[in-house]
Amino acid sequence: MDAAPLYLLTSLALVGSPGPNTMSLAAIGGAFGARRGVPYMIGLDLGMVAVVALVGSGLWAAILSFPGIAPVVTVAASAYLVYLAFRIATAPPISRMEAPGRAPGVLPGVLLSLTNPKAYVSVAAVVSRFTLLPGRSVADELLKGGLFLALVVIVNVLWLAAGSLLARAVTNPRVRRWVNVTFAAVLVLSVAAAFL
């Protein structure tokens, strides 16, 4: 298991860096509060389980080999992320009682993970590059997937909390509105960067 520390560091860098999932979590935390963002975070985590399974099994590569599928996935992902950014930008600023309105739930989180190109690239990068249990391919894939998902959960909790703490630290309602709009803009930028 000599490769485990490097695997974990590489995975942490990929999972923790800003991207559609992490930026949307911070934005949801900022717009709706950490407690109300938990269902969305659970959805992101469940979606990442599916992404790890799709990439680790090779099924995702087979799906993308069909002509015309990749552009459809790209357009669907972009449209959904722009919609999510709109919801965040137009959410009322958090007050002491937390913002009214409905925070995105489990299903939107699952959908975002499943349509997030950075998620697939990150999983493919670490799963294909490292071997933690030589000669035991199934156990190796399961261990890598489990460790990757554990990091996803930890990082997601931190991004959700960071967004919520940032919004709560700002006491002026106008500045809070700008925090929501800024989070939404950063989400759209992270989407654009993921497709470049």
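Residues numbered from 1 in each chain as written. Predicted model: local features only at pLDDT ≥ 70, side-chain atom pairs only at ≥ 80, totals over all residues. Heavy atoms only, no water.

**Points about the overall build of the protein**
So the rule is basically this: Only DSSP runs of H or I covering at least 4 residues are called helices, and only runs of E covering at least 2 are called strands; the numbering of each starts at the N terminus. For the radius of gyration, the atoms used are the C-alpha atoms, and the globule rule reads 2.2 Å times the number of residues raised to 0.38. Accessible area is worked out with a 1.4 Å probe on protein chains only. A residue is then buried under 20% of its type maximum, exposed over 50%, and partly exposed in between. Should any heavy atoms of two residues lie within 4.5 Å, those residues are counted as being in contact. Values of accessible area rely on a 1.4 Å probe in the Shrake-Rupley scheme; residue burial ignores everything except the protein chains shown. For this count, His and the chain ends are skipped, Lys and Arg are scored as positive, and Asp and Glu as negative. Lys charges are placed at NZ, Arg charges at CZ, Asp charges at CG and Glu charges at CD.
Of the regular secondary structure elements, the protein holds nine helices and zero strands. Helices (α) and strands (β) of the protein occur, in sequence order from the N terminus, as α-α-α-α-α-α-α-α-α. Computed over its C-alpha atoms, the radius of gyration of the protein comes to 17 Å, within 12% of the 16 Å expected for a compact globule of 196 residues. With respect to the three principal axes, the spread of C-alpha positions in the protein is 60 × 40 × 25 Å. Scored against the burial criterion, the 196 residues of the protein give a buried share of 42%. Sequence-distant contacts in the protein: of pairs separated by 6 or more residues, those separated by 24 or more amount to 82%. Within the structure as shown, the protein displays about 9700 Å² of accessible surface, and the carbon and sulfur contribution to it stands at 75%. Taking the 13 positively charged and 5 negatively charged side chains of the protein as two groups, their mean positions are separated by 20 Å.

**A few points about the packing of aromatic side chains**
To be explicit about the condition: Pairing of aromatic side chains requires ring centres within 6.5 Å, counting the rings of Phe and Tyr and the six-membered ring of Trp. Pairs whose planes differ by under 30 degrees are stacked, by over 60 edge-to-face, and all others tilted.
For the coordinates displayed, the defined rule picks out one aromatic pair. Arranged with centres 5.6 Å apart and planes meeting at 80°, the rings of Tyr7 and Phe130 form a pair that is edge-to-face. On the criterion of sequence distance, the pair formed by Tyr7 in helix α1 (residues 4-16) and Phe130 in the loop between α7 (117-129) and α8 (137-169) is long-range, its members being 123 residues apart. Phe130 carries the same exposure label as Tyr7, and that label is buried.

**Here we look at the packing of helix α2 (residues 20-32) against α8**
Spelled out, the test is: Orientation is described by axes fitted as lines to C-alpha atoms, over the contacting stretch for helices, and by angles from 0 to 180 degrees between their N-to-C directions. We call two directions roughly parallel when the angle between them is under 35 degrees, roughly antiparallel when it is over 145, roughly perpendicular when it lies between 65 and 115, and oblique otherwise. In this scheme the crossing of two helices becomes right-handed for a clockwise turn of the near helix relative to the far one and left-handed for an anticlockwise turn of less than a right angle. Polarity classes work like this: nonpolar for Ala, Val, Leu, Ile, Met, Phe, Trp, Tyr, Cys and Pro, charged for Asp, Glu, Lys and Arg, and polar for all others, with Gly in that last group.
In contact at an axis separation of 6 Å, α2 and α8 are set at 40° when each is read in the N-to-C sense. The pairing of α2 with α8 is recorded here as oblique in orientation. Judged by the sense of rotation from one axis to the other, the crossing of α2 with α8 is right-handed. Across from Thr22, Met23, Leu25, Ala26, Ile28, Gly29 and Gly30 in α2, the residues of α8 making contact are Val155, Asn156, Trp159, Leu160, Gly163, Ser164 and Ala167. For the contact of α2 with α8, a count of residues per class yields eight nonpolar, six polar and no charged.

**A short note on the side chain of Asn21**
Keep this limit in mind: Two N or O atoms count as a polar contact when they lie within 3.5 Å, although within protein this holds only if one can serve as hydrogen donor and the other as acceptor, and sequence-adjacent residues are included solely when both atoms are side-chain atoms.
Counting through the fold element by element, Asn21 comes out in helix α2. Within polar-contact distance, the side chain of Asn21 engages the side chain of Asn116 at 2.8 Å. Discounting chain neighbours no more than four positions away, the residues touching Asn21 are Leu44, Met48, Leu112, Ser113 and Asn116.

**Details of the nonpolar core**
Here is the rule we go by: We call a set of buried residues a nonpolar core when its members are Ala, Val, Leu, Ile, Met, Phe, Trp, Tyr or Cys and they connect through side-chain atoms within 4.5 Å of each other.
Formed by 24 residues in total, the largest nonpolar core has its most connected members in Tyr40, Leu84, Ile88 and Leu112. If you list the elements that add at least two residues to this core, you get α2, α3 (34-57), α5 (69-89) and α9 (173-195). Core analysis: the next-biggest nonpolar cluster, separate from the first, contains 20 residues, Ala4, Ala119, Val127 and Val155 among them.

**As for the environment of Ala139**
Counting through the fold element by element, Ala139 comes out in helix α8. When the C-alpha atoms of Ala139 and Val52 are compared, they prove to be 14 Å apart, with 87 residues separating the residues in sequence.

**Remarks on the environment of Glu141**
Mapped onto the elements of the fold, Glu141 is located in helix α8. A C-alpha to C-alpha distance of 15 Å links Glu141 and Met48, two positions 93 residues apart in sequence. Excluding its chain neighbours within four sequence positions, the residues that come into contact with Glu141 are Gly56 and Val127. Among the polar contacts listed, one links the side chain of Glu141 to the side chain of Lys144, at a separation of 3.3 Å.

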